[in-house]
Every structure is written in structure tokens, then in C-alpha cells.
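Close look at the chain arrangement
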Amino acid sequence: MPMLEALQAKDELNAVIKTRVEKACQLLDDDIHLYPNDFRRDTEIETLWARFSETDGETLEAAEYDFALAGRVVSYRSFGKVTFFHLQDRGGKIQVYAARDDLGTEAYQLFKKTDIGDIVGVRGSLFRTKTGELTVKTRGFRRVSKSMRPLPEKYHGLKDVETRYRQRYVDLIVTPRTKEIFMMRTAIVRELRDFLDEKGFMEVETPMMQAIPGGAMAKPFETHHNALDMKLYMRIAPELYLKRLLVGGFERVYEINRNFRNEGISTQHNPEFTMLEFYWAYANFEDLMDLTEEMFSRVAVKATGSSVVPYQGEQIDLSVGAWTRLAFHDSLEKIGGVAPEVYSDYEKCKALVKEKGEKVVEGEKLGKLQAKLFDILVEPRLIQPHFIYHYPTDISPLSRRNEDNPEITDRFELFMTGREMANAFSELNDPVDQRGRFEDQVKEKEAGDEEAHFMDEDYVRALEYGMPPAAGQGVGIDRLVMLLTDSASIREVILFPLLRPEAG
RNA sequence: GGGUCGUUAACUCAGUUGGUAGAGUAUCUGCCUUUUAAGCAGAGAGUCACUGGUUCGAGCCCAGUACGACCCA
């Protein structure tokens, strides 16, 4: 095979890879297919453990249960005429024993060309070794994929985080915890879907590419559609489309999908991240708080077995009823230590923001200043679950105003572990009020606020047809998975986090 | 954007005051039929991230660059 020979000739290959390529060339010379796809397994390692973990050796050998397994060789101990190795498939790992006297000299010689990392099929039965370990006795062997690159060292594993993220495939092979986290992620998302489906919500898909990026305050990614010759944005939120569906008569809808925000990268932020948004007609933000407690505690139990979960040394209690509900302005006073005469006075508020080292932009409204104080003084201290409600109207352009006080909205954000986990509100369904709020946002955008909302005429037109009163919520799925897997960085819960291209 | 730290063999890591580049694992060779971080004997393996500077001499000191981690904005 010319390609392999070319690979073999490359000087820059390190010795280990070169040796493996040479070995592969020898196999080819003996007419051995390196990548056959004719082996079929009839069981998996998890199944063997489930059925036989309690069975004693005599019973196993008497039964001579015969089966075919396949997986990756992840360790290898050879004694000459007998070899032990561990085989790993998607569900687990099991020891395999291969002996010359069982396989025959020729087959055993071929088997001995196996490297750690090769993917192999094994036919055989079970027995127990002297130490009692459940082990497969090989009667037939077929290599189905030759590995050219050595795996990381077995004892320390792969530690270099950059390599773990760039070559996640290697991380998944050698780091059991990584595999576990992503299996948990899938289980968490499935449980959210089950929960919402049971409550009568319908999953939908709305545009990821939008002409007007709405539904959140964030900088969008821009792209261009060639055939239509038009600018498009990657969505920052699905909100305005999901609410159009409320107008259309789907009274309970949700979407779990990616959002894109053209902002900094940190342990809490990836440019593309996954959000659950759901909208519920004939409900308000207080109904949402109840539903949220129920949903989070159920998902926590599913993922971790308990509604009290450990996170970075704290025990976070997600049990229904354990959550605190506190008004935004009360949280400024009681947790942030900001007196009402300070937070309600524009100049005093501005002075305090500056004192705390935050910039104040010209023309910024009182609500925005209060939000900055909240971010600095309150948010980091909200370790246990807190619903902070009645956000200022200035910073809540899509939320319904409070009936008694038009300066605040029937909106809450959910905080725990010092971070925002969700944002929710009773929806603004008055088209006249909505148009006015958009117009205020446009003024802020013109004044230089890149994150202010765009005017969306079609959305206002939809509201003019009449949207049922409703409440809606967005939950950051990555952060939820971080919480339930005790992960400090968002990159630990995203399979392929965004990194700069490798040098060279 | 700013600060701190890191980058040495495929992997995990040492590297003294600036003076010939080290270990374990992995790999290769030999021995070995119940091991499991198998063992024993031997061998090979390096653009010390990159570029420049200081120096008789730089993995080590200095400057810059790239990538990453953490903190701050």
C-alpha cells in the first residue's frame, strides 16, 4: 500500500509511530486486512457484567457460554505463550485471556502483533482467574482496526488540558470521568425533555440564522447568505420565534438548542452554548418558579441520585421548597448592603458603581446601574438556589410590567453557586408597550450600546394579532450540567470547546 | 484588553549556581502458561514551544511571539 509506505518513509514521525506503521506494513504483506468490517458482536461488556458478575468460576466453565465481543485494547500483559489484556467498549471494560494452546500457534502469533489501542473482535467464553476476576477466554480473534498512535500512559492518563480538549477522542478513550460527564449530559437533557413532554410541552425548532438577532442582550455573529445576498446573524436566543408560536396557538413549546454570542471565552462562557427555552400560555412567572423547582430537583435526582448536589466543596440543595425567593431591590439591600436611598437615587447609584470599579456609560439608565451593583455585590453571594424577581423595566425589554409598579417587571433570574442559571418572566404581550420598549432599545443602540435589542416589526405585528398571556424561561444547559457534574469549567461539559487553532 | 503561571521523549514529570539531557510508563529485543501500575535483563527514543539577545558557554538569564490554564476587566 503506497500510502503506508509513504507514511513509513516520513522522517518526522516519532519512533513509536514509525514502529507501528512498519508493523502494519508487515501485516499487509501477509495479506491481513487492517480495517475489516466483517466481525459482528453478539453481546457487550456491560451485559456480561450484568449477567455474570456474581457467577462462580465452576459454573462459568461448565456453561461454556459462547459469545462475540468487540472493543479497544487498553492494556496488555504478555507472558510469552499467554497474554492478558483489557478490552473496552462503550459500556465498560473486561479482562481477556489469550493462550497459544487455545488459539493455535499461527493464530496466536498473529494475535501477538496486537498493540494497545487496536480495536479487536474476540470470540470466547468466561472463566475466573486465580484472583477471581471475571475474564474472557479467547477462542477466536480478529483485529478490526489498527492503531498507529500510542495512547497516553495508563497510570496517570491524559493530564494536559489543552490536549484533552483538542483531542477529545483520546480523552474519551483514557479518562473514564470524561466519558461519564458526557453520558450524564445526555441523560440530563433527556430528562428535561421527558419532564417537559409530560407537562404537555411540544418541542420545536426555530431559526438559528436570523435576519434580526433578537431575544437577548448580546453581540451576535454575523454571516452572509450568498444567493439572497443578505446579511444574517447566528441567533443569540430563540425567544421571539417561540413566542410567535404562542400567537400561532401552540400553547406550550420548548426548544433545546445552540445559541451563539460573539463575546469573551472563559470558564463560564463558550461562544456557542446550549439553551433550553420554554413558553407556557396562561401561566405567570410565579408558576414558573414552582415548575423550575420541580424540574431542577427531578433532573438532579436523575443525574446524581440526590436533590442535594455537591459543587466545588458546597452542598447545593435543589429540593422542592428549599429555594429562596427575593425581590431584586430587597436583594440589593439585604445581600448587597445597598440602602434604598442609594440604589433609588441615580447620582448616588452611579457614584457607587464607579467606586466598585465598574465603568458607567453615558446615558445609562438607573436599572442598568442597579444591575451592575447586583452583579458585583449580590450575584457572587447567591450560593444556594435563589429566585431574584421584579427586575427593573429598563433592562427587561421583553418582560411584562408589574401591575402595581410599571418600573419593575414580573421577571426573575435564577442564581446558585454565584452564577446565573436561568432567566424567566411573564411575557409582555401588549404590542403597544412592546413597540415602545423596542424604540427605547433602538435609542440605546444608536447611543452605542452594541448589546441593545433591534426593532423587530414582524414580532410586534405578531403581538398585534394577540398573544395569550404566558410565561417563559431560558435555562443554560451547560451551566446546569456543570452543576450536576461538579465541573469548574464549561469546557469540561462541552465535547469540543472553541480553542484557537494549533500553532504550526 | 491586563496580570500571574505553564510549554523538556508518545504520556506523566524531574532538571541543582549558566558547564555533555534525566526517570517512570509506553516502544523495541530476549526470557516467562493465571497476570492486572505483571516481572527480570538489555536497547532505542529530544527542534528543551518559537524567534532573537546576553555569555567562552543557555533547558536555565533577558526581550518578543504562539498556544494553554487561572485571576481581573
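Read on for a plain summary of the structure. (Residues numbered from 1 in each chain as written. Chains lettered and ligands numbered in written order. Predicted model: local features only at pLDDT ≥ 70, side-chain atom pairs only at ≥ 80, totals over all residues. Heavy atoms only, no water.)

**Focus on the overall build of chain A**
Regarding its fold elements, chain A presents 18 helices and 18 strands. With respect to the principal axes defined by its C-alpha atoms, chain A has extents near 90 × 50 × 50 Å. Within chain A, the proportion of its 504 residues that are buried is 49%. Intrachain contacts of chain A at a sequence separation of at least 6 include 65% that bridge at least 24 residues. (Helix = DSSP H or I, 4+ residues; strand = E, 2+ residues; numbered from the N terminus. Buried < 20%, exposed > 50% of the residue type's maximum accessible area, 1.4 Å probe, protein only. Contact = heavy atoms within 4.5 Å.)

**A few points about the protein's contact with RNA strand B**
If you check the shell around RNA strand B, you find 42 residues, and the closest are Asp101, Lys130, Thr131, Lys154 and Glu162. Within 4 Å of the protein, the contacting atoms of RNA strand B are drawn from sugar and phosphate to the extent of 61%. Put simply, the parts of the chain that give the surface near RNA strand B at least two residues each are helix H2 (15-29), strand S1 (67-78), strand S2 (82-89), strand S3 (92-99), helix H5 (100-103) and helix H7 (161-166). When residues of the surface near RNA strand B are assigned to their parent elements, the largest contribution, four residues, is made by H7. (Near = heavy atom within 4 Å.)

**Observations concerning the sheet that holds strand S9 (residues 230-234)**
What the three strands build is an open sheet, ordered S7-S9-S8; its pairing is antiparallel. Edge positions in the open sheet fall to strand S7 (209-210) and strand S8 (222-225), since each of these has one partner strand only. Note that S7 and S9 share two bridges and pair antiparallel. Note that in S9 the partner of methionine 209 across the bridge is methionine 234. (Pairing = 2+ DSSP bridges.)

**Observations concerning the pairing of strand S18 (residues 470-476)**
For S18, the tally of buried residues reaches seven of seven residues, placing the bulk of the element in the interior. Of the two faces of S18, both are covered, the one formed by Ala470, Gly472, Gly474 and Gly476 as well as the one formed by Ala471, Gln473 and Val475. The sheet contact formed by strand S11 (residues 272-281) and S18 spans seven bridges and is antiparallel. In the sheet register, tyrosine 279 faces S18, and the bridge partner there is glycine 472. The pairing of strand S17 (residues 419-426) with S18 spans five bridges and is antiparallel. Following the sheet pairing, alanine 424 is matched in S18 by glutamine 473.

**Some points on the pattern of salt bridges**
Within this structure, the stated rule accounts for 42 salt bridges. Measuring nitrogen to oxygen at the nearest pair gives 2.8 Å for the salt bridge that ties arginine 244 to aspartate 458. Placement of the pair is arginine 244 in helix H10 (residues 239-248) and aspartate 458 in helix H17 (residues 457-464), with a sequence separation of 214 residues. Here arginine 244 falls in the buried class, since its relative accessible area comes to 16%. A salt bridge links arginine 435 to glutamate 464; its shortest N-O distance comes to 3.7 Å. Placement of arginine 435 in helix H16 (residues 431-446) and of glutamate 464 in helix H17 is noted, with a sequence separation of 29 residues between them. Within the structure, one salt-bridge network assembled from shared partners comprises Arg20, Lys23, Asp115, Asp118, Arg143 and Lys146. (Salt bridge = Lys/Arg side-chain N within 4 Å of Asp/Glu carboxyl O.)

**Section: the packing of aromatic side chains**
Counting across every chain of the model gives 21 aromatic pairs. The interplanar angle of 75° and the centroid separation of 6.2 Å between the aromatic rings of phenylalanine 438 and tyrosine 459 together place this pair among those described as edge-to-face. Of this pair, phenylalanine 438 sits in helix H16 while tyrosine 459 sits in helix H17, and the two are 21 residues apart along the sequence. Of the two residues examined, phenylalanine 438 and tyrosine 459, each falls in the buried class. Members of the aromatic cluster, connected to one another through ring pairs, are Tyr76, Phe85, Tyr108, Phe111 and Phe141. Cation over ring: arginine 244 sits above tyrosine 241, and NZ or CZ is 4.6 Å from the ring centre. (Phe/Tyr/Trp six-rings, centres within 6.5 Å; stacked < 30°, edge-to-face > 60°. Lys NZ or Arg CZ within 6 Å of the ring centre and 35° of its normal.)

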